[in-house]
Amino acid sequence: MQVFKAFNKIMISRIPIAMIWIIIFLVISIITANNSNDYTEFIDTKLDICIFDEDNTPESKALKEFLGNKHNLISLENDKDTILDALYYERVGYVLTISKGYAEKLESGEINDLFTNYHVHDSYSSTLVGSLIDEYVNTVRSYQISGEGLSEAIKNAEDTLSQEADVKTQSFSEESKENAQYKSDFGYYFQYLPYVFISVIIVVLCPIITTLNNREIKNRTNCSCISSGSQSLQIFLGSIFFIVAVWLFFIIAGIFVKGGFYIKREWFGVLNSFVFILVASAIAILISSFSPSSTGVNVIANIVGLGMSFLCGIFVPQSLLGNGVLKIGKFLPAYWYVKANDMIYFSGDVGESFSLSKIFEYIGIQMVFVVVLFVLVMLIMKAKHDKAE
Amino acid sequence: MFWHNFKYELISGLRVKDVIIWLIIFPIILGGFFKIAFNSIYEKTTEFSAIPIAVTETEKNEVFHKVMSQISEGDDALFKVTYAEKNEAVKMLDKKEVYGIIFTDGGLSLSVSDNGIEQTIIKTFVEQYIRQEKIIKDTAMNHPDKLDEVILSLGNNVSANKNIPLTNGNTDYFITFFYNLIAMVALFGSITGLHISISNQGNLSPLGARKCCSPTPKSISLLAGLMGSYILQIICIIISITYVAFVLKIDFGNRLPLVYISGIIGSLMGVSLGFAVGSFGRMSTKAKEGVAMSVSMLSCFFSGLMEGDMKAIVAEKAPWFNEINPAALISDAFYCLNIYDDYDRYIKKNITMIILAVIFVIIGFMLTRRRKYASL
């Protein structure tokens, strides 16, 4: 088992560099699990808004309280740069300043320049909050015009504005209840897996295979008493051992991230991830047949890993990608992985509704990629062999 | 002697093809991916566009009809309205062609299939309509003489709220991915920097051993090495920025020359970082390459290369880290140029980068110089 032992020795020396991808991956999945209300999903109507009250009168406080009931008030430092950063990265949806003299102006019926707001994006949130504020002022004005005093008008306005529309939520699929048990937060864990699989497998497997295929080492092994069949078998065993270990690590880590064992449909996700790690290994073996240098391997791992992640909908959901990208994505295995994963965790939202035949279809397509990649590797090896002779 | 070393450093740098080629090919390929992936996201998620809705009129409501046609016209239309029978409308909602259905039977009611900001805006509109109806009814009951005035005031476009635009720059925040891409190229310069210290350490490379017994002072040969690497790295970063700005047509704001300057300062920092990492301890070349890669990748990760929100999260949890994280410094410098009109923060970022570069170089010099080997 000399070859197998050598394989493991090189593998162990590559583990530290693989760790950085593992750390990056775990941090990303923990963040997304705790940060699910990002720009695509606003839970109900509440936005984070910030109000600076320069007027500080009962009237302005009433407005602040009114807005605070509809949205979450957060406080920011009143400093232009801080506000700009917060708005730019959408950490806050709206920043409003109630100008000095707000109450007086309102009392006298003047409604120009009561407020100012800081503006960065022409966004949905600025439309939403802006129209609410306009409506508030308009309603107060209307009651004033109809002959009421300011405080009464404010009270009436708030009363009127607290009327809510009758909203029915239609749910279409009978399976929506079924879908609800697969938490989408945890779905992101599986969604990001291809990135870490590709990166880790490439940075570890490529150098091992390249080293063992190094001409001098190869020649030395060939003149030993180990048959070439046994050599290949040991390399194969070593690879399988490593791949399964990586896969098991992430499947078990998944149980901890999720805080529970996998249930029903999620087992297809587990199967899906196993097939994908085979794809990743096939890619790694294909790359190592070009014998890249050690720096080259790191860069290739980045390009293939990040590239596939951005083109196939791993970092950016497929529903947000343009049609052109999706057309390219279809020629990459991760696209089909994500499609299957969307079906399991995001069914009824961005994913298609769950069906067994589709799941097997998508997993099957990935298997085809594995076969094609291995055939490619064989062809390249044969070509190299012929050339060497 | 300096020029001799410098010349050969440049020549041998150019011969280490994989490093240089990757430093140029990498941003071209990845930048292309980013461009394709992020092309339309900002318009799709952040920027407001008319929301498609369906209206099912079971009872004719002239006023409502008129209001609807008013707010769905023009460039700043709020809704894109489709009038449809109930069954058809429900089908559209199911296919997610519309975000909601407004029914006009007696009062208004709304059906949606999901939660979200679009749905909330539709709901707000329906509520607004219902409330205005209430105000008019209230007035008609209590102060019928003021009715006309109130209706007029309801139709008024209020200008109570004044927009203060905070920036004239490009507000598409997906361009931060491109900032980070350039930051990554700059930090990958650490691989070139690493080889300077390795080729000067006798215990790590035969070249280092040869240099140890040459009469040239270490400081001169190190300096020549650094200069050579700086120049190669600067060429790489200029190619990357040019590619991103002119081929991918990413909008860096209107101060492009300063973008190049920050890129160059960033790459000086990257090379120096590698130089310092290379001088530490007796680890093998491969292990040091691993450390340099890990440091660069983690730095880029915390600056938002893989997850765009990362820098904002760091800014909330540990703001000091953004002030010293090399990748964040580079991408922040670009961000400042794009977003801010003044130069305060931009200058601060660049000075921090220069200070970091100087610290790295000093560390490298202190650890590599005057090292003697009893045997090799």
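Residues numbered from 1 in each chain as written. Chains lettered and ligands numbered in written order. Predicted model: local features only at pLDDT ≥ 70, side-chain atom pairs only at ≥ 80, totals over all residues.

So what's going on with the overall build of chain A? Residues and values would help.
Secondary structure summary: chain A contains 15 helices and five strands in total. Here chain A holds 389 residues, and the buried ones make up 42% of them. Sequence separation of 24 or more characterises 75% of the internal contacts of chain A that already satisfy a separation of 6 or more. (Helix = DSSP H or I, 4+ residues; strand = E, 2+ residues; numbered from the N terminus. Buried ≥ 20, exposed ≤ 12 C-beta atoms within 10 Å, placed from the backbone. Contact = placed C-beta atoms within 7 Å.)

Any details on the overall build of chain B? Residues and values, ideally.
Helices and strands together make up the secondary structure of chain B, namely 16 helices and five strands. In summary, chain B has a C-alpha radius of gyration of 31 Å against a globular reference of 21 Å for 376 residues, an excess of more than 25%. For the C-alpha atoms alone, the extent of chain B along its principal axes is close to 105 × 40 × 35 Å. Relative to its full complement of 376 residues, chain B shows a buried share of 44%. The long-range share in chain B, meaning contacts at least 24 apart out of those at least 6 apart in sequence, stands at 73%. (Rg over C-alpha atoms; globule rule 2.2 N^0.38 Å.)

Describe the nonpolar core, and please don't skip the residues or the numbers.
Among the nonpolar cores identified, the biggest contains 199 residues, and Ile201(A), Ile202(A), Leu205(A), Ile53(B), Ile182(B) and Val185(B) are the most heavily contacted of them. When residues in this core are grouped by element, the largest group, 19 residues, is from helix α8 (residues 184–213) of chain A. Apart from residues lying up to four places away in sequence, Ile182(B) is in contact with Ser240(B), Ile241(B), Val244(B), Gly263(B) and Ile330(B). (Core = buried A, V, L, I, M, F, W, Y, C linked by C-beta atoms within 7 Å.)

Would you mind going over the domain arrangement of chain B in detail, with residue names and values included?
The domain boundaries assigned to chain B delineate domain 1 (2–39 + 175–368) and domain 2 (50–155). On a C-alpha basis, the centroid separation for the pair domain 1 of chain B and domain 2 of chain B is 56 Å. (Domains from an automatic or database assignment.)

Go over the sheet that holds strand β5 (residues 161–165) of chain B, please, and point to the residues and values.
Across the sheet, which stays open at both edges, the five strands sit in the order β2(A)-β1(A)-β3(A)-β4(A)-β5(B) with mixed pairing between neighbours. One side of each edge strand has no neighbouring strand; the edge strands of this open sheet are β2 (72–73) of chain A together with β5 of chain B. Pairing of strand β1 (residues 48–53) of chain A with β2(A), which is carried by two bridges, proceeds in the parallel orientation. Across the sheet, the residue bridging to Ile49(A) is Leu73(A), located in β2(A). (Pairing = 2+ DSSP bridges.)

Go over unusual backbone geometry with me, naming the residues and quoting the values.
Residue and element names in this part refer to chain B. Unlike most non-glycine residues, Lys-249 shows phi in positive territory, near 55°. Locating Lys-249 in the fold gives a position in the loop between α10 (218–247) and α11 (256–279). By C-beta crowding, Lys-249 is classed as exposed, having 8 other C-beta atoms within 10 Å.

A description of the domain arrangement of chain A should follow, citing residues and the corresponding values.
As assigned here, chain A comprises domain 1 (2–35 + 176–388) and domain 2 (48–161). A straight line from the C-alpha centre of domain 1 of chain A to that of domain 2 of chain A covers 51 Å.

Before we move on, could you go through the pairing of strand β3 (residues 94–98) of chain A and cite the residues and values that matter?
Residues and elements named next belong to chain A. Taken across its five residues, β3 has five buried, putting it largely inside the fold. Both faces of β3 are covered, namely the face carrying Tyr-94, Leu-96 and Ile-98 and the face carrying Val-95 and Thr-97. Sheet analysis places β1 next to β3, joined by five bridges and oriented parallel. Looking at β3, one finds that Phe-52 is bridged to Thr-97. Pairing analysis gives four bridges linking β3 to strand β4 (residues 115–119), with the strands arranged antiparallel. Paired with Leu-96 across the strands is Asn-117, a residue of β4.

Quick one: what's the story with the packing of helix α1 (residues 2–15) of chain B against α10(B), residue by residue and with numbers?
The packing of two helices is summarised by the inter-axis angle and the distance between the axes. All names here are of chain B. Their axes nearest at 8 Å, the elements α1 and α10 cross at an angle of 40°. Put simply, α1 runs oblique to α10. The interaxial crossing formed by α1 with α10 has right-handed handedness. Between α1 and α10, the contacting residues are Phe-2, Asn-5, Phe-6, Glu-9, Leu-10 and Gly-13 on the first element and Ile-220, Ser-221, Leu-223, Ala-224, Gly-225, Met-227, Gly-228, Ser-229, Ile-231 and Leu-232 on the second. (Axes fitted to C-alpha atoms, helices over the stretch in contact; angles between N-to-C directions. Parallel < 35°, antiparallel > 145°, perpendicular 65-115°, else oblique. Left-handed = near helix turned anticlockwise from the far one by under 90°.)

Give me the pairing of strand β3 (residues 100–105) of chain B: which residues, what numbers.
Residues and elements named next belong to chain B. Pairing geometry for strand β1 (residues 51–56) and β3, over three bridges, is parallel. Residue pairing for β3: Ala-54 is matched across the bridge by Ile-101. The sheet contact formed by β3 and strand β4 (residues 107–112) spans six bridges and is antiparallel. Note on β4: the bridge partner recorded for Thr-104 is Leu-108. Once β3 ends, the chain turns through one residue before running back antiparallel as β4, passing Gly-106 with a positive phi of about 75°.

An account of the environment of Ala89(B) is needed here, citing residue identities and associated values.
All names here are of chain B. Relative to the assigned elements, Ala-89 resides in helix α5 (residues 86–94). Taking the C-alpha atoms as reference points, Ala-89 and Ile-238, 149 residues apart in sequence, are found 55 Å from one another. Apart from the residues lying within four places of it in its own chain, the contact partners of Ala-89 are Ala-54, Thr-56, Ala-84 and Ile-101.

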